[in-house]
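Residue-level listing of the chains:
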Amino acid sequence: MRTFWHLIQLFQLAAGLRRFGAIRALSGIDLVPAWAPRLLRVTTFYIPRKRNLPVTDGERLASALAAMGPAYIKLGQTLATRPDLVGHPIADGLTTLQDNLPPFPFKAARAIIETELGGTLTDHFQEFDDTPIAAASIAQVHKAVTTAGKPVAVKVLRPDIVQRFTRDLSLFEWLAGVAEAKVREARRLRLGKVVDKIRETVLREMDFRLEAAAAAELSENMSGEAGYRLPAVEWELTSKSVLTLEWVDGIRLVDKAALEAAGHDLPVLGERVVQVFLTQALRDGYFHADLHQGNLLVQQDSTIVAVDFGIMGRLSAEERRFLAEILYGFIKRDYRRVAQIHFDAGYVAKDQSLEEFAQALRSIADPIMDLPVEEISAGQLLAQLFATTARFSMETQPQLLLLQRTMVMAEGMALHLNPQANMWQISEPVIEAWIRTNLSPEARLADAINNLPLLVERLPARLERWLNDEGEPRRDTGLDRPVPQKRPSRIYPFGFGLLVGAVLVKILTS
């Protein structure tokens with residue numbers, strides 16, 4: 001019965017693609033079998049197309065997904081970050097996907113607020129504009145004034161959105177399971193993980209307490225950065241389905257003419273966007289991952305205020321080191337170093353050739369690095385780098401693809417504000433400062449000293465396992481020998497001291 005329902009959903013998807021002339025877009029995706037677009041055309045031939053459709057296949061696909069509902073919008077936004085799955089032309093088209101939908105009635109918004117916060121609307125707000133200022137796939141935003149007289153923005157979750165999203169996502173999970181069972185490339189690209197990531201991301205977006213916590217954490221991280229801030233959270237007026245933030249007056253970063261008329265220094269604003277993003281990603285490992293121009297406002301004093309924290313990126317210390325070192329390696333054109341970093345991080349299997357991988361990196365980077373310096377894009381360089389995953393059997397790293405997408409968005413804003421922006425000159429100080437602070441010999445020694453107590457604590461247990469394992473028979477001989485009785489494990493003080501000494505020497509000389 002479930003399969004029958006999924007087939008009905010699949011037909012509805014095919015019909016939506018047909019209306020927007022988007023079936024052809026599937027032909028450009030390697031994972032889609034060649035027969036699938038033909039089958040979809042035959043089964044939907046009687047459905048008329050809309051008029052005045054976009055020109056490119058990617059933009060038509062974006063229009064179709066936008067018309068089919070919230071889950072499809074989020075699917076498209078996720079696929080826009082995955083050119084390794086859909087190819088660069090389709091991914092570029094999907095970046096045009098607009099997350100705008102008609103607003104839902106104020107009566108429903110009022111009911112949600114009163115249910116979530118308790119009491120009546122007037123218990124919490126002395127003024128409340130019943131016409132939303134923005135309506136997206138998950139929520140809409142109203143301007144209001146609290147009973148304490150503070151202007152605020154109130155974000156309200158759409159009614160029944162969780163149920164609608166869960167229903168639509170079940171089709172994506174089914175299709176991913178079928179693909180992974182039948183197509184080797186789908187297994188390598190971990191389509192099931194992609195769908196899991198969509199579920200995780202959107203369910204997080206649907207809990208506004210988590211978005212408020214994200215805003216608070218990012219605000220704390222960036223409290224010392226001049227010219228950048230986040231709106232304050234009104235915690236007493238925030239719940240799972242209602243988020244209340246300080247109202248921010250400003251000019252949207254997309255409005256270049258208005259910024260110029262207000263006297264703002266556009267190149268400085270562009271540099272600040274890129275450097276703030278790199279600071280968040282490298283220094284803190286926690287970055288605002290929805291950096292489109294509508295989510296950044298510029299106040300009268302040129303302070304940039306970020307809004308909408310439903311999509312955030314997080315990087316481990318190792319991933320930050322990986323990012324900084326590969327960018328720095330590309331700047332210095334040390335491709336063997338960049339290749340070695342990939343091998344050390346485990347992103348490339350040990351049975352691959354380091355030299356061939358370094359050569360592949362050169363083939364990606366040299367054409368880009370030989371361009372005029374103002375035309376070199378770090379985001380596009382990373383996109384080309386991640387596109388080599390298939391050739392060298394690299395598993396996809398979704399968190400790095402999210403990072404690459406956000407970097408492209410940050411660069412796009414800098415170039416929008418200043419077409420002559422030099423991305424390497426903007427990025428290099430932040431990257432070099434992070435490397436100097438975290439990867440210099442002094443920093444590595446300090447890090448090793450800090451980790452030494454943990455290493456010493458674990459050594460006895462590891463030595464005990466090694467000594468106990470000495471009595472096991474060799475399993476590759478095929479001989480069924482009796483297992484000798486295990487010796488009591490002993491940690492010799494002299495041998496232990498030598499081992500710790502060797503570790504220290506290695507740390508000090510590496």
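Rules behind the numbers
- Residues numbered from 1 in each chain as written.
- Predicted model: local features only at pLDDT ≥ 70, side-chain atom pairs only at ≥ 80, totals over all residues.
- Heavy atoms only, no water.
- Salt bridge = Lys/Arg side-chain N within 4 Å of Asp/Glu carboxyl O.
- Helix = DSSP H or I, 4+ residues; strand = E, 2+ residues; numbered from the N terminus.
- Buried < 20%, exposed > 50% of the residue type's maximum accessible area, 1.4 Å probe, protein only.
- Pairing = 2+ DSSP bridges.
- Contact = heavy atoms within 4.5 Å.
- Axes fitted to C-alpha atoms, helices over the stretch in contact; angles between N-to-C directions.
- 1 Å grid on protein atoms, 1.4 Å probe; cavity = no way out; pocket = protein on both sides within 12 Å on 5 of 7 lines; lining within 4 Å.
- Points joined across faces, edges and corners; volume = space filled by probe spheres on them.
- Nonpolar A, V, L, I, M, F, W, Y, C, P; charged D, E, K, R; others polar.
- Parallel < 35°, antiparallel > 145°, perpendicular 65-115°, else oblique.
- Left-handed = near helix turned anticlockwise from the far one by under 90°.
- Polar contact = N/O pair within 3.5 Å; in protein donor to acceptor, adjacent residues only side chain to side chain.
- Patch = residues over 30% accessible without salt bridge, like charges linked within 9 Å, V, L, I, M, F, W, Y side chains within 5 Å.
- Areas by Shrake-Rupley, 256 points an atom, 1.4 Å probe, with all protein chains shown as cover.
- Phe/Tyr/Trp six-rings, centres within 6.5 Å; stacked < 30°, edge-to-face > 60°.

Caption draft 1: Spatial organisation of the pattern of salt bridges. What the rule picks out here adds up to 16 salt bridges. For Arg 167, the salt bridge is made with Asp 168, and the minimal N-O distance between the two is 3.3 Å. We note a salt bridge from Arg 337 to Glu 325, for which the minimum N-O separation is 2.9 Å. On the criterion of sequence distance, the pair formed by Arg 337 in helix 16 (residues 335-345) and Glu 325 in helix 15 (residues 317-331) is long-range, its members being 12 residues apart. On the basis of relative accessibility, which here comes to 5%, the residue Glu 325 falls in the buried class. One salt-bridge network, held together by shared partners, links Glu 318, Arg 321, Glu 325 and Arg 337.

Caption draft 2: Layout of helix 16. All buried positions along helix 16 are accounted for by Tyr 335, Val 338, Ala 339, Ile 341, His 342 and Phe 343. Note on helix 16: the residue one or two positions beyond its end, Gly 346, has a positive phi of about 80 degrees.

Caption draft 3: Quick peek at the sheet that holds strand 5 (residues 228-229). On the basis of which strands lie adjacent, the open sheet formed by four strands has the order 5-10-9-7 and mixed pairing. Since the sheet does not close on itself, it has two edges, and those belong to strand 5 and strand 7 (251-252), each with one partner. Bridge analysis of strand 7 against strand 9 (residues 296-298) gives two bridges, and the strand direction is antiparallel. Within the sheet, the bridge partner assigned to Arg 252 lies in strand 9 and is Leu 297. The sheet contacts of helix 14 (residues 266-284) involve strand 5, strand 9 and strand 10 (304-306), and relative to strand 10 the element is tilted by about 45 degrees.

Caption draft 4: Summary view of the layout of surface pockets. Computed from the structure, the second largest pocket encloses a volume of approximately 1,200 Å³. Surrounding the second largest pocket, 36 residues form its lining, Leu 10, Leu 13, Leu 26, Val 32 and Leu 175 being those nearest its centre. Elements that contribute at least two residues to the lining of the second largest pocket include exactly helix 1 (2-19), helix 3 (35-43), helix 4 (57-68), helix 5 (70-80), helix 6 (83-86), helix 9 (161-182) and helix 11 (191-205). Here the lining of the second largest pocket gets seven residues from one element, more than from any other, and that element is helix 9. A breakdown of the residues in the lining of the second largest pocket according to their chemical character gives 34 nonpolar, one polar and one charged.

Caption draft 5: Focus on empty space enclosed by the protein. Scanning all chains against the criterion turns up four cavities of 30 Å³ or more. If you add up the space inside the second largest cavity, you get close to 60 Å³. Every residue along the wall of the second largest cavity is listed here: Tyr 228, Arg 272, Val 273, Val 276, Phe 277, Gln 280, Leu 291, Leu 296 and Ile 304. Counting residues per element, the lining of the second largest cavity draws most heavily on helix 14, which supplies five residues.

Caption draft 6: Main features of the packing of helix 5 against helix 9. Put simply, helix 5 and helix 9 touch, their axes get as near as 8 Å, and they point 55 degrees apart. Between helix 5 and helix 9, the angle falls in the class oblique. Along its contact with helix 5, which presents Pro 70, Ala 71, Tyr 72 and Leu 75, the element helix 9 presents Ile 161, Arg 164, Phe 165, Asp 168, Leu 171 and Phe 172. When grouped by side-chain class, the residues that make up the contact of helix 5 with helix 9 number eight nonpolar, no polar and two charged.

Caption draft 7: Representation of the packing of helix 15 against helix 20 (residues 423-438) within the structure. Between helix 15 and helix 20, the least distance of the axes is 10 Å, while the angle of their chain directions is 130 degrees. By the criterion of interaxial angle, the relationship of helix 15 to helix 20 is oblique. Viewed along their axes, helix 15 and helix 20 form a crossing whose handedness is left-handed. In this structure, helix 15 contributes Arg 320, Arg 321, Ala 324, Leu 327, Tyr 328 and Ile 331 to the contact, and helix 20 contributes Trp 424, Glu 428, Ile 431, Glu 432, Trp 434 and Ile 435.

Caption draft 8: Region of the structure containing the environment of Trp 434. Mapped onto the secondary structure, Trp 434 falls in helix 20. Residue Trp 434 is classed as buried on the basis of its relative accessible area, which comes to 9%. Sequence separation between Trp 434 and Leu 282 is 152 residues; the distance between their C-alpha atoms is 6.9 Å. Polar side-chain contacts of Trp 434 include one of 2.7 Å to the backbone oxygen of Leu 282.

Caption draft 9: Region of interest: a nonpolar patch on the surface. Taken together, the side chains of Phe 4, Trp 5 and Ile 8 make up a nonpolar region of the molecular surface, amounting to roughly 290 Å² of accessible area. Within the element layout of this structure, Ile 8 appears in helix 1. Of the residues examined, Ile 8 reaches a relative accessible area of 31% and is grouped as partly exposed.

Caption draft 10: How the structure looks around the packing of aromatic side chains. The full count for this structure, using the stated rule, is six aromatic pairs. A ring pair is formed by Phe 45 and Tyr 46, whose centres lie 5.6 Å apart and whose planes are at 85 degrees; its orientation type is edge-to-face. Taken as a pair, Phe 45 and Tyr 46 share a single burial class, namely exposed. With a centroid separation of 5.3 Å and 65 degrees between ring planes, the pair formed by Phe 125 and Phe 128 is classed as edge-to-face. When its relative accessible area of 16% is taken as the criterion, Phe 128 is described as buried. Three or more aromatic residues joined by ring pairs make a cluster, and in this case those are Phe 106, Phe 125 and Phe 128.

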